[in-house]
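Structural overview for review
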Amino acid sequence: MSHAFIRDLVDHASSRFRAGGPFAYHYARGKLGHDTIFHHVLSHGLLGGATRVLDLGSGQGSLFSWLLAAQQMAERGHWPAGWAPAPRATELRGIELMPADVERARQAFGADHPVVRIELGDMTESALGQPEAVTILDALHYVDVDRQRALLRRIREALPRGGVFLTRIGDASAGWRFHVCNGVDKVVTFARGHRLPRLHCRPLAEWRSDLEALGFEVSHRDMSGRKPFANVMLHCRVR
Ligand SMILES: C[S@@+](CC[C@H](N)C(=O)[O-])C[C@H]1O[C@@H](n2cnc3c(N)ncnc32)[C@H](O)[C@@H]1O
């Protein structure tokens, strides 16, 4: 069941990006079809039933399309046995720095989507509102360590007790795998239209200790899939 289900889910979730042209569509398809973290979010229910989700550095909104498609398939009675309950979001808000990504999101979801809103902004400055879950997938290392720390503090303050913060970072203590991961990241970021970025990566132990000091219960898991990367997912719940 789950292979066929995932294939249908990837088709369904990526199809809305056709409206934004070939790049938007193939980016979403590649991400959703091959990046393990998206499957993991659903099968393990990592957003914990949150209805209000805030995605910082959301890009064109691939995560939101994934959650919506999953929700719709579950409503039609399709959901793999043994998976955590399907998401049930009523408010999916993204904040993204790049106008081109926000425009692709607008083309995919429309300007007045009842659930999804992707705003142009800097996550280190935008108001966070009152989410029940916050996600930052592969975006924290674009800001310097002081701004990372300030943002983590604001995320913790915005979340209620039991609220979830889910992120993925590159573990700077992972040796050669980290250097491969970092090099690929720079090339992809440059290709996406940014200047060649300075990346602010830190060792996993440092991320964990910052998050625990803020009052999160933290667990981590390698999330590189089959690639020789040092991508680590941190799942944090407010104690
Ligand atoms: C590697 S992409 C990941 C996009 C998305 N999270 C995903 O998984 O498809 C990182 C994203 O973070 C965005 N970003 C970087 N710095 C940001 C900031 N200060 N505020 C908002 N977005 C930012 C980039 O423009 C880019 O779209």
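What counts as what
- Residues numbered from 1 in each chain as written.
- Predicted model: local features only at pLDDT ≥ 70, side-chain atom pairs only at ≥ 80, totals over all residues.
- Heavy atoms only, no water.
- Pairing = 2+ DSSP bridges.
- Helix = DSSP H or I, 4+ residues; strand = E, 2+ residues; numbered from the N terminus.
- Right-handed = clockwise from strand over helix to strand, strands pointing away.
- UniProt positions renumbered as here; feature names shortened; annotations may be inferred.
- Buried < 20%, exposed > 50% of the residue type's maximum accessible area, 1.4 Å probe, protein only.
- Contact = heavy atoms within 4.5 Å.
- Polar contact = N/O pair within 3.5 Å; in protein donor to acceptor, adjacent residues only side chain to side chain.
- Salt bridge = Lys/Arg side-chain N within 4 Å of Asp/Glu carboxyl O.
- Axes fitted to C-alpha atoms, helices over the stretch in contact; angles between N-to-C directions.
- Parallel < 35°, antiparallel > 145°, perpendicular 65-115°, else oblique.
- Nonpolar A, V, L, I, M, F, W, Y, C, P; charged D, E, K, R; others polar.
- Left-handed = near helix turned anticlockwise from the far one by under 90°.

Looking at an unreviewed UniProt entry, one finds the chain named Class I SAM-dependent methyltransferase, with Hydrogenophaga crocea as its source organism.

This brings us to the pairing of strand β3 (residues 116-120). Of the strand pairs in this sheet, strand β2 (residues 91-96) and β3 are connected by 5 bridges, and their pairing is parallel. Within β3, the residue paired with G94 across the bridge is I118. For the handedness criterion, the β-α-β arrangement of β2, helix α5 (residues 99-109) and β3 is classed as right-handed.

What follows deals with the UniProt feature "domain: Methyltransferase type" (unreviewed entry) in the chain. Sequence positions flagged by UniProt for "domain: Methyltransferase type" (unreviewed entry) are, in local numbering, residues 54-165. End-to-end, the C-alpha atoms of residues 54-165 are 10 Å apart, and along that stretch the chain is 35% helix and 19% strand.

For the rest of this paragraph, the subject is the environment of T135. Within the secondary structure, T135 sits in strand β4 (residues 133-137). According to the relative accessible area criterion, T135 is buried, its value standing at 1%. Those residues in contact with T135 that sit more than four places away from it in its chain are L47, L54, D55, L56, L63 and L166. At 2.7 Å, the side chain of T135 and the side chain of D55 are in polar contact.

The subject of this paragraph is the pattern of salt bridges. The final tally for this structure, using the stated rule, is 18 salt bridges. Salt-bridge contacts for D11 lead to R29; the nearest nitrogen and oxygen are separated by 2.8 Å. A residue pair is termed long-range when its members are at least 10 positions apart, and D11 in helix α1 (residues 2-15) and R29 in helix α2 (residues 22-34) qualify at 18 residues. Owing to a relative accessible area of 28%, R29 belongs among the partly exposed residues under this scheme. Two residues, E212 and R208, come together in a salt bridge whose shortest N-O distance is 2.9 Å. Residue E212 and its partner R208 are located together in helix α8 (residues 204-213), separated by 4 residues, close to a single helical turn. The class for E212 is partly exposed, based on a relative accessible area of 32%. Via salt bridges that share partners, K31, D35, D138 and R168 belong to a single interconnected network.

Before going further, it helps to spend a moment on the packing of α2 against helix α3 (residues 36-43). One can describe the packing of α2 onto α3 by two numbers: an axis separation of 5 Å at closest approach and a directional angle of 60°. Classified by the angle their axes make, α2 and α3 are oblique. Contacts between α2 and α3 involve K31, L32, G33 and H34 from the first element and T36, F38 and H39 from the second. Of the residues in the contact of α2 with α3, the class split is 2 nonpolar, 4 polar and 1 charged.

Attention shifts here to the packing of α1 against α2. Here α1 crosses α2 at 150°, and the two axes come no closer than 9 Å. Put simply, α1 runs roughly antiparallel to α2. The handedness of the crossing between α1 and α2 is right-handed. Packed against α1, whose contacting residues are V10, D11, A13, S14 and S15, the element α2 presents Y25, A28, R29, L32 and G33 at the interface. Tallied by class, the residues present in the contact of α1 with α2 amount to 5 nonpolar, 3 polar and 2 charged.

Attention now goes to the side chain of H200. Topologically, H200 is positioned in the loop between α7 (176-191) and α8. H200 sits in the buried class, given a relative accessible area of 15%. Not counting the four nearest positions on each side in its chain, H200 is found in contact with H141, Y142, V143, D144 and Q148.

Bringing the sheet that holds strand β1 (residues 52-56) into the picture now. Read from one edge of the open sheet, 7 strands run β3-β2-β1-β4-β5-β7-β6, paired in mixed fashion. Among the strands making up the open sheet, the edge pair consists of β3 and β6 (216-222). In this sheet, adjacent strand axes meet at a mean angle of 20° when their direction is disregarded.

Let us look at unusual backbone geometry. A positive phi angle, near 65°, is found at D138, a position not held by glycine. Note on placement: D138 falls in the loop between β4 and α6 (145-158). Since its relative accessible area comes to 22%, D138 is described here as partly exposed.

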